[in-house]
Amino acid sequence: MFKNYFKISLRNLWKNKTSSAINIFGLTIGLTSCLLIALYIKHELSYDNFEQNGKRIARVIMEYNFDGSPESNKGNYTSVRVAPVMKKNFPEVESATRMALRERVVNYNDKYIDEKRFMFADSTFFDLFSFKLLQGDVHKILAAPYTIVVTESTAKKYFGDENAIGKTLHLASDSNAYQVTGVMEDCPTNSQIKFDFLTSFASFGIDKKNEETYWGANYTTYLLLKDKNSIASLQAKLPAFMKKEMQGKGATVNFYLEPFDEIHLHSPYGGFEPNNNSSYIYILAAVALLTLIIVCSTYINLSTARSIERAKEVGIRKVIGADKKQLFWQFIGESFFVCLVAVLLSLIASALLLPSFNQLTDKQLHAQSLFSLPFILFCLAIVVCVSFVAGSYPALVLTKFQPVKVLKGSFKNTSSGQWLRKSLIVFQFAISVFLIVSTFMIQKQLYYIQHKNLGYDRDHVIVLPITKAMQKNMAAIKLQFKENPNIISVASCDRSPVEGGGGYNMRSAEMPANQQIAVFANPIDEDFIKTVGFQIIAGSDLTQQDYKDATDTNDSRRIYHFVLNESAAKKLGWTAQEAIGKKMFLDDSRPGFVGAVVKDFHFQSLHDPIKSYVLFPDDWNRELLVKTSGHNLSNTISFLETKWKSLVPAMPFEYHFMDDDYNKLYDAELRLGKVMNLFSGIAIVLACLGLFGLSSYTAQQRFKEIGIRKVLGASVGNIVIALSKDFIKLSLIAILIAVPIAWLAMTKWLQDFTYRTEMSWGIYLLAVSLTILLAVATVSIHAIKAAFTNPVKSLKTE
């Protein structure tokens, strides 16, 4: 019996090549999209699953504000004091580790390499985290200062096949020798903690006085709890404890605990790599589901449309003794066969397209995962579900045919199944309209992000890492760089405008010492403001003398000329003009005067409102900004590299553009935009493909009617309109359903941005026009073909 079903399935597929090709192609494309999205979602949901203690680890989030200040700052930063205090005072805490990710220039055998993933951590690191150690004693490898653990690939990179243990590395930032004490496996791609070097935290050489304060919050603290259920009880104890700790200190500090396994998808605070957003996972899952629904709808439409062609086959089978059950499973079997072929093709297509998909999502997904047991079971589940969902209705329709009516030929005029086909067309195009509108709005917001006036100029700005030792020779470096006419200006700073600023506090001279205002601040030199293009609205730019006054080695003579943004001036109670010349303090250790006020600028993501910001001259900078004209950029970079190697041969020439840093702020949104573009396009194509197949059958069924219309004088245009108007009506119904839903969804998505584009009706008009145009174009292909057919040919065939 099954052999017979299989033969019949092959014959029907071969006989109806067009519909079979549309079904298999559509299912393959749809399932390929679903598999790739499922692979991505699986990877995101699997983040840190390998951590054996994941449920017992919590990240400490700090919140602080100063007495008299209405605002507080909150983020993923703590001082070095937090970890030992937590472990000492709370029995819930089993262990703790402090961590910091830095960029360092590593020297081995006089070969200098700029390493971006250089992690500092306490010796307790391996008590918390489950990274596999290949060589070394886990209890000793980070116990002493200047000891270092390297990953397997890093050991290969520096030492080849030699044993890495006992080797010595040097850093350009200090004169100490770092001894390799351990080798570990490379960090998994689904880990929020990634590094190439793991160095003992003691190597920082932190002052003892810093271990007695909650300020200097430049590190990340993780706690290992004795019980995974004790986060809530520990959290409840922290406010009272911190109130006692900060009593009489003019500020409020509190700490919050984030479950480690919720950070990647649910935390608003960044970590050692950009977080994703759980809502974006839901969006992609919805796109995959909607794509699958469109594919199933196409299959159902084409199968029910073909039911008339197979009516006589069903009638004859019933006459010779076939019952409904046998016929039902025959058609389900055909559906299963088509789905199975499509799944096999989609697995191959997914494996071939995975490298391109990895580039699109900036992930390292592996083809082996497609053929793992969970994914094979997932594919089989899809085959079964799609087979029954897409095949059951056509099977039920066909098995209900009455053989007497079918064999007499009276069945052709039935409207059985038309309501479902129309409903599915409406549903398909409603999904398409929703995806078109959503994609257009996401792209409009991304365009807004890319082109919004941020208050500074980030175009064609090259960023180079520098060391403190280079500051002594900065004047010579700037002079030689500006020999190139394409280099407009050069400046040094601790952070570019895109990277925000460090956490400080400020007060005016009129404010009492215990009353402070939280502020972001950034050390710069005298050329910074003109290099990044800040707009000075009061006062004047920093001068070389201002820079010398701030870097004077004599503390009694050192004075700072501060540059405030509008928000900082307002917080201190001044207008921009009133602020000039006013005396103020930054962290109380830096007295000075306001020299200028610049227009507010965005130094954080557009998700966040603009906050107070202070620029001050200093010489402990770590970045060099080179503003270029943008002309002959490759030649300019070659020039910079040549000069760099002659001026600072010990430092590798590794650069990036400020634009790259800006784009990292919107990593999740940019990925979402790219993926939405691709899969929304696929979903729309699949909807049109289904409409194409259905319009083909409609034209065939009305073949005789078209001939009669032509004999009676109907023009080609009349016939095209007659065949297209029903589909256009269905498209308009789909638009009426989809537009309000899309408006609600996009309004909610945009609310996550403090600064956002407007909801333009032009987007909806464009989406509506595009949908109608696609529907008309798709249907018209067969309508025009039918209209040009000789009516004699259609009228003599009955």
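What you see is a predicted model, and the numbers here were worked out from it, not measured in a lab. (Residues numbered from 1 in each chain as written. Predicted model: local features only at pLDDT ≥ 70, side-chain atom pairs only at ≥ 80, totals over all residues. Heavy atoms only, no water.)

A closer look at the overall build of the protein
Now for step 1: Scanning the protein for helices and strands turns up 26 helices and 22 strands.
Now for step 2: Taking all 798 residues of the protein together, the buried fraction comes to 52%.
Now for step 3: By sequence separation, contacts in the protein at least 24 residues apart represent 80% of the contacts at least 6 residues apart.
Now for step 4: Carbon and sulfur atoms provide 57% of the accessible area of the protein, an area that totals close to 36200 Å². (Helix = DSSP H or I, 4+ residues; strand = E, 2+ residues; numbered from the N terminus. Buried < 20%, exposed > 50% of the residue type's maximum accessible area, 1.4 Å probe, protein only. Contact = heavy atoms within 4.5 Å. Areas by Shrake-Rupley, 256 points an atom, 1.4 Å probe, with all protein chains shown as cover.)

Re the nonpolar core
Now for step 1: Tyr 456, Phe 528 and Phe 534 are the most contacted members of the largest nonpolar core, which has 108 residues in total.
Now for step 2: Apart from residues lying up to four places away in sequence, Tyr 456 is in contact with Pro 497, Val 498, Val 532, Gly 533, Phe 534, Phe 601, His 602, Met 658 and Tyr 662.
Now for step 3: Ranked by size, the runner-up nonpolar core spans 26 residues in total, among them Leu 223, Ile 231, Met 242 and Ala 251. (Core = buried A, V, L, I, M, F, W, Y, C linked by side-chain atoms within 4.5 Å.)

Examining unusual backbone geometry
Now for step 1: Of note, the phi angle at Asn 109 is positive, near 55 degrees, even though the residue is not glycine.
Now for step 2: One can find Asn 109 in the loop between strand 3 (93-108) and strand 4 (111-121).
Now for step 3: Given the relative accessible area of 63%, Asn 109 is considered exposed.
Now for step 4: Although it is not a glycine, Asp 362 sits at a positive phi angle of roughly 60 degrees.
Now for step 5: Assignment of secondary structure puts Asp 362 in the loop between helix 10 (324-361) and helix 11 (373-399).

Some remarks on the side chain of Asn 522
Now for step 1: Mapped onto the secondary structure, Asn 522 falls in strand 15 (residues 517-524).
Now for step 2: Exposure remark for Asn 522: the relative accessible area of 0% places this residue in the buried category.

Comments concerning the pairing of strand 19 (residues 590-598)
Now for step 1: Most of strand 19 sits out of view: 7 of its 9 residues are buried.
Now for step 2: Alignment of strand 16 (residues 536-539) against strand 19, held across 3 bridges, turns out to be antiparallel. Note on strand 19: the bridge partner recorded for Ala 538 is Val 597.
Now for step 3: Bridge count between strand 17 (residues 560-565) and strand 19: 6 bridges; the pairing is parallel. When the sheet's bridge partners are listed, Asn 565 is paired in strand 19 with Val 598.
Now for step 4: Bridge count between strand 18 (residues 583-586) and strand 19: 4 bridges; the pairing is antiparallel. In the sheet register, Leu 586 faces strand 19, and the bridge partner there is Arg 590.
Now for step 5: Hairpin connection, strand 18 to strand 19: the antiparallel pair is bridged by 3 residues, and Asp 587 has positive phi, about 55 degrees. (Pairing = 2+ DSSP bridges.)

Describing the packing of helix 2 (residues 17-45) against helix 10
Now for step 1: Remark: helix 2 packs on helix 10, axes separated minimally by 7 Å, with the N-to-C direction vectors making an angle of 45 degrees. Classified by the interaxial angle, the pair formed by helix 2 and helix 10 is oblique. In the packing of helix 2 onto helix 10, the handedness of the crossing is right-handed.
Now for step 2: By residue class, the composition of the contact of helix 2 with helix 10 is 19 nonpolar, 6 polar and no charged. (Axes fitted to C-alpha atoms, helices over the stretch in contact; angles between N-to-C directions. Parallel < 35°, antiparallel > 145°, perpendicular 65-115°, else oblique. Left-handed = near helix turned anticlockwise from the far one by under 90°. Nonpolar A, V, L, I, M, F, W, Y, C, P; charged D, E, K, R; others polar.)

Observations concerning the environment of Thr 754
Now for step 1: Relative to the elements of secondary structure, Thr 754 occurs in the loop between helix 24 (716-750) and helix 25 (761-787).
Now for step 2: Along the chain, Thr 754 and Leu 606 lie 148 residues apart, while their C-alpha atoms are 6.0 Å from each other.
Now for step 3: Residues contacting Thr 754, with those up to four places away along its chain left out, are Leu 606, His 607, Asp 608 and Pro 609.
Now for step 4: Side-chain polar atoms of Thr 754 contact the backbone oxygen of His 607, separated by 2.6 Å. (Polar contact = N/O pair within 3.5 Å; in protein donor to acceptor, adjacent residues only side chain to side chain.)

Regarding the pattern of salt bridges
Now for step 1: Enumeration over the complete set of coordinates arrives at 29 salt bridges.
Now for step 2: The salt bridge partner of Glu 44 is Lys 363, with a shortest N-O separation of 3.0 Å. Here Glu 44, found in helix 2, pairs with Lys 363, found in the loop between helix 10 and helix 11; they are 319 residues apart in sequence, far enough to count as distant. Considered together, Glu 44 and Lys 363 belong to a single accessibility category, that of buried residues.
Now for step 3: Between Asp 161 and Lys 156 there is a salt bridge, with the nearest N and O atoms lying 2.4 Å from each other.
Now for step 4: Accessibility expressed as a relative area gives 72% for Asp 161, which makes it exposed.
Now for step 5: Shared partners join several salt bridges into a network, and the residues in it are Glu 103, Asp 114, Lys 116 and Glu 654. (Salt bridge = Lys/Arg side-chain N within 4 Å of Asp/Glu carboxyl O.)

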